[in-house]
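# Remarks on the overall topology
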Amino acid sequence: MPAQRPILRIEDAVKRYGRVVALDGLSLDLQAGEWLGLLGPNGAGKTTAMLAVAGLVSLDGGRIELDGRPTQGPVPADIGLVPQEVALYHRLTARENLAAFGRLNGLSGAMLQERLRWALDWTGLESRADERVGRYSGGMKRRLNIACGVLHRPRVVLLDEPTVGVDPQARERIFDMLDELTEEGTALVQSTHELGDIEGFCDRLVVMDHGREVASGTLEDLIRDGVGDHAHLTLELDREPPDGIVPDLEILGRRITGHLDEPARDLPWVLESIGSAGCRVVRLEVRPPGLAEVFVALTGRELRE
Amino acid sequence: MITTVLRVTLLNLRRDRVALLLTFVLPILFFSVFASVFAGMDEAAIKPVRTVVVAEGDEAFARGLVDYLSQESVLELLPIESRDRSTALEVVRRGDAQVAVVVPRGAGLTWGSNPAQIPPAVEMLADRSNPLAVGVVRGTLQAGAVAVAQRLLQVVPGTPLPVQGSAGWDRPEPLRVEVVDALGGPDKRPSVAFFAAGLGVLFLMFAVAGRSSILLEERENGILQRLLAARVGLTRLLAGRWLFLVLLGCVQVTVMFVWAAVAFSLELFTPRHLLGFAAITVPTAAAAASLGLLLSAVCRTRTQLNGVSVVVILILAVLGGNLFPSFLMPSELRELGRLTFNSWALSGYQKVFWYEQQLPELVPEIMVLSAWALVLLLLARLLAQRWERLDR
């Protein structure tokens, strides 16, 4: 079966701000209906990459293609941008905001009305559609912020940290909304430095650092290739154990942490060693590796550094 | 504890350039401007008053008086096409001269004259918008009358006139002078037209500068990113904002003038005045709107815009004559004021509401205001280029 042509392709993108290299040869592909997560610390180049796709930042090198055609100059209509900030007119109502951004994106008449109804239903804001946005909660504003960027049915939506500052419930709601978009065939590029935003939602991840891709693939691929299948162990004891009781694990006061290559094989041995030293386990946690470990393994630093 | 709070507050102030500017630089700047204006006021008050003189008779007294006036440094005697009262009146009405002196046939000193034959009064056809000019000419006429009489009677200056002690010596002025309003009637108050225009234009500038901050707000909260991504384009965005500011400005100034008409009897509701008002208001609002956009294009934050616009607008207001009439200023500042668009707006409104001039006479003001509007708008567009692509 021939490979499907990507709806968005970034090839060897380079962008410099003076001496700072924001994008250093970034390349990635995005398929229709795919949800791609761009993960990286602040300054990794995620926002620059998205603004370049939106045509708001000119590249110093490389190219961007939308549906096989290079994008240059004005922003293509197929792109929807959801800025990191809540980019809404706070003295206007949700309906007025949607209408304004809809018109600016070329919608009018019955089509605009139809899309307004869809957006208010999609965001769950129908009952408060005629209220000023300034009175909305953070989660409601975020939902409306996304709706204003997708109202004109773009084929690719760029979401720059779309859930910054919202509570977990509101975040779930937003991800459900985005899920609906991908089901309809819309491709999403979502940047974040919050692991919770990526794990379990995105189809594919691109880990970025210093303007480059350091790894990409599904979450499972990244974990397997980045840190293997080991588990992370945390033990809390009733008292401080003697030194060297469990080689290869780190002892810090009454706390023992470390990796277990094969938990089923290694854990009984660890517990037995602790028991034979006369200590009792008060708390035990065995956790599979996550993106945080992958990121540290790939870049040598924490995501929030 | 208190010292820590003090230290933190001090550090905050030290690193806030706008606050420092408003706290220390702005007061000094304004003091300097006001000091320059009012220190020069005495001098400005006796700046030559543009005057025309018409002597209807050919008597020695009239000739002597005209001769005296022409040598007085406080007056700038303008040539006049035809030496008659109506031409002189027209010169004042046009605003070319501030006062016209009409010396009637048989004019002379009242002192010592026969009560049955008191000489006719010298007429001063005056533009009352500058009360100082009226006082200056009136005083010069009295001094001139005495000097001429002394010369005619061959009296050494400084010694009493030989007529002293005779009948009529107790009259308050040696020369009878009648001041006639060359413009408007006694009910017409020049200060109403001046302040409606002055304050109207001043607050117009503040209003548009304040509203133009929406561009910075949009930039700060990401809306600009969204607008540019929607292919609105910066030129169209600025054009839309500019148009809004022009409309806002027109409405604001109109409200001010309607209030002046209703509450202070400014003559606005006649076709001629309405036409003149519209002809000046539209380009004034356009220039103010362009200024607002330029200020927001220059500044990087709304806080910066607030500080900068207060400084710029107050300086323009002082130089342009919004806060006090320009005839109070030293001539250098007055000349500098002509470089501000608001001075042209005020001059236009004065022409409409005080000098009762028609549309063709407003063309210079309309042209200058329109040119300012265009230049400031182009500058704003040029500076706003850095917003267009977020990497600039």
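Residue numbering note: each chain is counted from 1, following its sequence as written. Numbering of ligands from 1 and lettering of chains from A proceed in the order in which they are written. Thresholds applied to this predicted model are a pLDDT of at least 70 for local features of residues and 80 or more for the giving and counting of side-chain atom pairs; totals over whole chains, interfaces and linings are not thresholded and use all residues. Heavy atoms throughout the structure, all of them, feed into the side-chain values; hydrogens and water do not.

### Some words on the pattern of salt bridges
Residues and elements named next belong to chain A. Salt bridges are defined as contacts in which a side-chain nitrogen from Lys or Arg sits within 4 Å of a carboxyl oxygen from Asp or Glu. For the structure on display, the rule yields 27 salt bridges over all chains. A salt bridge links Glu 236 to Arg 283; the shortest N-O distance between them is 3.5 Å. Of this pair, Glu 236 sits in strand 11 (residues 231–237) while Arg 283 sits in strand 14 (residues 281–287), and the two are 47 residues apart along the sequence. With a 1.4 Å probe rolled over the protein chains alone, any residue whose accessible area is under 20% of its type maximum counts as buried; one over 50% counts as exposed, and the rest are partly exposed. On the accessibility criterion, Glu 236 (25% relative accessible area) is partly exposed. The helix and strand labels rest on DSSP assignments: H or I over at least four residues marks a helix, E over at least two residues marks a strand, and numbering proceeds from the N terminus.

### Things to note about a nonpolar patch on the surface
Residue and element names in this part refer to chain B. For patch detection, residues must exceed 30% relative accessible area and be free of salt bridges, and they are connected within 9 Å for like charges or within 5 Å for nonpolar side chains (Val, Leu, Ile, Met, Phe, Trp, Tyr). Using the Shrake-Rupley algorithm and a 1.4 Å probe, accessible areas are obtained, with residue cover drawn only from the displayed protein chains. A cluster of nonpolar residues, Val 258, Trp 259, Val 262, Phe 264, Phe 269 and Leu 274, forms a patch on the protein surface that exposes about 610 Å² of accessible area. The leading source of residues in the nonpolar patch is helix 10 (residues 234–264), at four residues. Within the secondary structure, Phe 264 sits in helix 10.

### Some thoughts on the domain arrangement of chain B
Residue and element names in this part refer to chain B. Boundaries between domains were set according to an automatic or database domain assignment. The assigned domain composition of chain B is domain 1 (46–181) and domain 2 (189–388). Computed from C-alpha atoms alone, the centre-to-centre distance between domain 1 and domain 2 is 43 Å. Two residues form a contact once any of their heavy atoms are found within 4.5 Å. If you look at the interface, domain 1 gives eleven residues, while domain 2 gives nine residues. Of the roughly 780 Å² buried between domain 1 and domain 2 on both sides combined, carbon and sulfur atoms contribute 56%. When residues of domain 1 are sorted by the area they lose upon contact with domain 2, Lys 47, Arg 128 and Ser 129 head the list and together hold 45% of the total. The tally of links between domain 1 and domain 2 comes to zero salt bridges. Identification of polar contacts relies on pairs of N or O atoms within 3.5 Å, with a donor-acceptor requirement for protein atoms, meaning one able to donate a hydrogen and the other able to accept it, and with residues adjacent in sequence counted only if both atoms are side-chain atoms. For the pair domain 1 and domain 2, the interface holds three residue pairs in polar contact (both at pLDDT 80 or more). Where the side of domain 1 that touches domain 2 is concerned, the elements lending two or more residues are helix 5 (85–93) and helix 6 (131–152). The residue inventory of the side of domain 1 that touches domain 2, partitioned by class, reads three nonpolar, three polar and five charged. When two parts are put together, the accessible area they lose, computed with a 1.4 Å probe and summed over both, is reported as buried area. Under the convention adopted here, Pro, Cys and the residues Ala, Val, Leu, Ile, Met, Phe, Trp and Tyr are nonpolar, Asp, Glu, Lys and Arg are charged, and Gly plus all remaining residues are polar.

### Thoughts on the sheet that holds strand 4 (residues 61–66) of chain A
All names here are of chain A. Paired strands are those between which DSSP finds at least two bridges. Pairing is antiparallel in the open sheet, where four strands are placed in the order 2-1-4-5. Because the sheet does not close on itself, it has two edges, and the strands there are strand 2 (20–30) and strand 5 (69–70). Of the strand pairs in this sheet, strand 1 (residues 8–17) and strand 4 are connected by five bridges, and their pairing is antiparallel. Along strand 4, the bridge assignment pairs Leu 8 with Leu 66.

### Quick look at helix 7 (residues 219–227) of chain A
Think of an α-helix as 3.6 residues a turn; residues three or four steps apart then line up on the same face. Residue and element names in this part refer to chain A. Within helix 7, the full set of buried residues consists of Leu 222, Ile 223 and Val 227. Considered in projection along helix 7, the buried side chains sweep an arc of 95° and stay on one side of the axis. In this structure, helix 7 carries Glu 220 and Asp 225 as exposed residues pointing more than 90 degrees from its buried face. Considering only its buried residues, helix 7 is in contact with strand 9 (204–209), strand 10 (212–217) and helix 9 (291–299). Gly 228, located one to two residues past helix 7, shows a positive phi value of around 80°. What the arc measures is the spread of directions leading from the helix axis to the C-beta atoms.

### Notes on the nonpolar core
All names here are of chain B. Judged by nonpolar contacts, the single largest core of 144 residues is most densely connected at Phe 257 and Tyr 349. At 13 residues, helix 11 (residues 271–298) tops the list of elements feeding residues into this core. Setting aside residues up to four positions removed in sequence, Phe 257 forms contacts with Ala 196, Ala 197, Leu 266, Leu 268, Phe 277, Tyr 349 and Phe 353. Residue types Ala, Val, Leu, Ile, Met, Phe, Trp, Tyr and Cys, when buried and joined through side-chain atoms within 4.5 Å, form a set referred to as a nonpolar core. Phe 61, Tyr 68, Val 99 and Val 136 belong to the second largest nonpolar core, which has 27 residues in total.

### Notes on the interface of chain B and chain A
In this complex, chain B contributes 18 residues to the contact, which on the side of chain A involves 27 residues. At the junction of chain B with chain A, the criterion picks out zero salt bridges. Taken together, chain B and chain A are joined by four residue pairs in polar contact (both at pLDDT 80 or more). When residues of the side of chain B that touches chain A are traced back to their parent elements, those giving at least two are helix 8 (213–220) and helix 9 (223–229) of chain B. When residues in the side of chain B that touches chain A are grouped by element, the largest group, six residues, is from helix 9 of chain B.

### Structural notes on the confidence of the model for chain A
pLDDT is a per-residue confidence score from the predictor, ranging from 0 to 100. Summary statistics for chain A give a mean pLDDT of 88 and a share of 96% for residues scoring 70 or more. When mean pLDDT is taken per element in chain A, helix 3 (residues 109–123) of chain A scores highest with 95 and helix 6 (residues 195–198) of chain A scores lowest with 72.

### Thoughts on the side chain of A:Arg115
All names here are of chain A. In this fold, Arg 115 is placed in helix 3. Here Arg 115 occupies a buried position and makes no salt bridge, while the nearest side chain of opposite charge, Glu 114, is found at 4.6 Å. With near-sequence residues (within four places) excluded, Arg 115 lies in contact with Leu 107, Val 150, Leu 151 and Arg 153. Just so you know, the count uses Lys and Arg for positive and Asp and Glu for negative, and it drops His and the chain ends.

### Here's the deal with the sheet that holds strand 13 (residues 255–260) of chain A
Residues and elements named next belong to chain A. Taking strand neighbours across the sheet as the criterion, the four strands line up as 12-13-11-14 in an open arrangement whose pairing is antiparallel. The open sheet is flanked by strand 12 (250–252) and strand 14, the only strands paired with a single partner. On average, each strand axis in the sheet is tilted by 15° relative to the strand beside it, whichever way the strands run. With six bridges joining them, strand 11 and strand 13 adopt antiparallel strand pairing. Bridged to Thr 234 within strand 13 is Thr 257. Across the sheet, helix 8 (residues 263–276) touches strand 11, strand 13 and strand 14, and the angle it forms with strand 11 is around 15°. Axis lines are fitted to C-alpha atoms, over the contacting stretch for helices. Their N-to-C directions set the angle, which ranges from 0 to 180 degrees.

### As for the pairing of strand 8 (residues 187–192) of chain A
Residues and elements named next belong to chain A. Of all six residues making up strand 8, six are buried, and the element is well covered by its neighbours. The pairing of strand 3 (residues 35–39) with strand 8 spans five bridges and is parallel. Within strand 8, the residue paired with Gly 37 across the bridge is Gln 190. In the sheet, strand 7 (residues 156–160) pairs with strand 8 via five bridges, with the strands oriented parallel. Its bridge partner being in strand 8, Asp 160 is matched across the sheet by Ser 191. Note on handedness: a clockwise path from strand one over the helix to strand two, with the strands aimed away from the viewer, defines a right-handed crossover. As a crossover connection, the stretch from strand 7 through helix 5 (residues 168–183) into strand 8 is right-handed.

### A closer look at the domain arrangement of chain A
For chain A, the domain assignment lists domain 1 (8–225) and domain 2 (230–288). For domain 1 of chain A versus domain 2 of chain A, the separation of C-alpha centres amounts to 43 Å.

### Observations concerning the packing of aromatic side chains
Two aromatic rings, drawn from Phe, Tyr or Trp (for Trp, its six-membered ring), form a pair once their centres lie within 6.5 Å of each other, and the interplanar angle then sorts them: stacked below 30 degrees, edge-to-face above 60, tilted otherwise. The final tally for this structure, using the stated rule, is twelve aromatic pairs over all chains. Here a set of aromatic residues connected by ring pairs shows up, and it is made of B:Phe257, B:Phe277, B:Tyr349 and B:Phe353. Counting as a charge over the ring demands two things of the Lys NZ or Arg CZ atom: a distance within 6 Å of the ring centre and an angle within 35 degrees of the ring normal. Over the ring of A:Tyr17 we find A:Lys15, and its NZ or CZ is 5.4 Å from the ring centre. The residue whose ring lies beneath A:Arg115 is A:Trp118, and the NZ or CZ to ring-centre distance is 4.1 Å.

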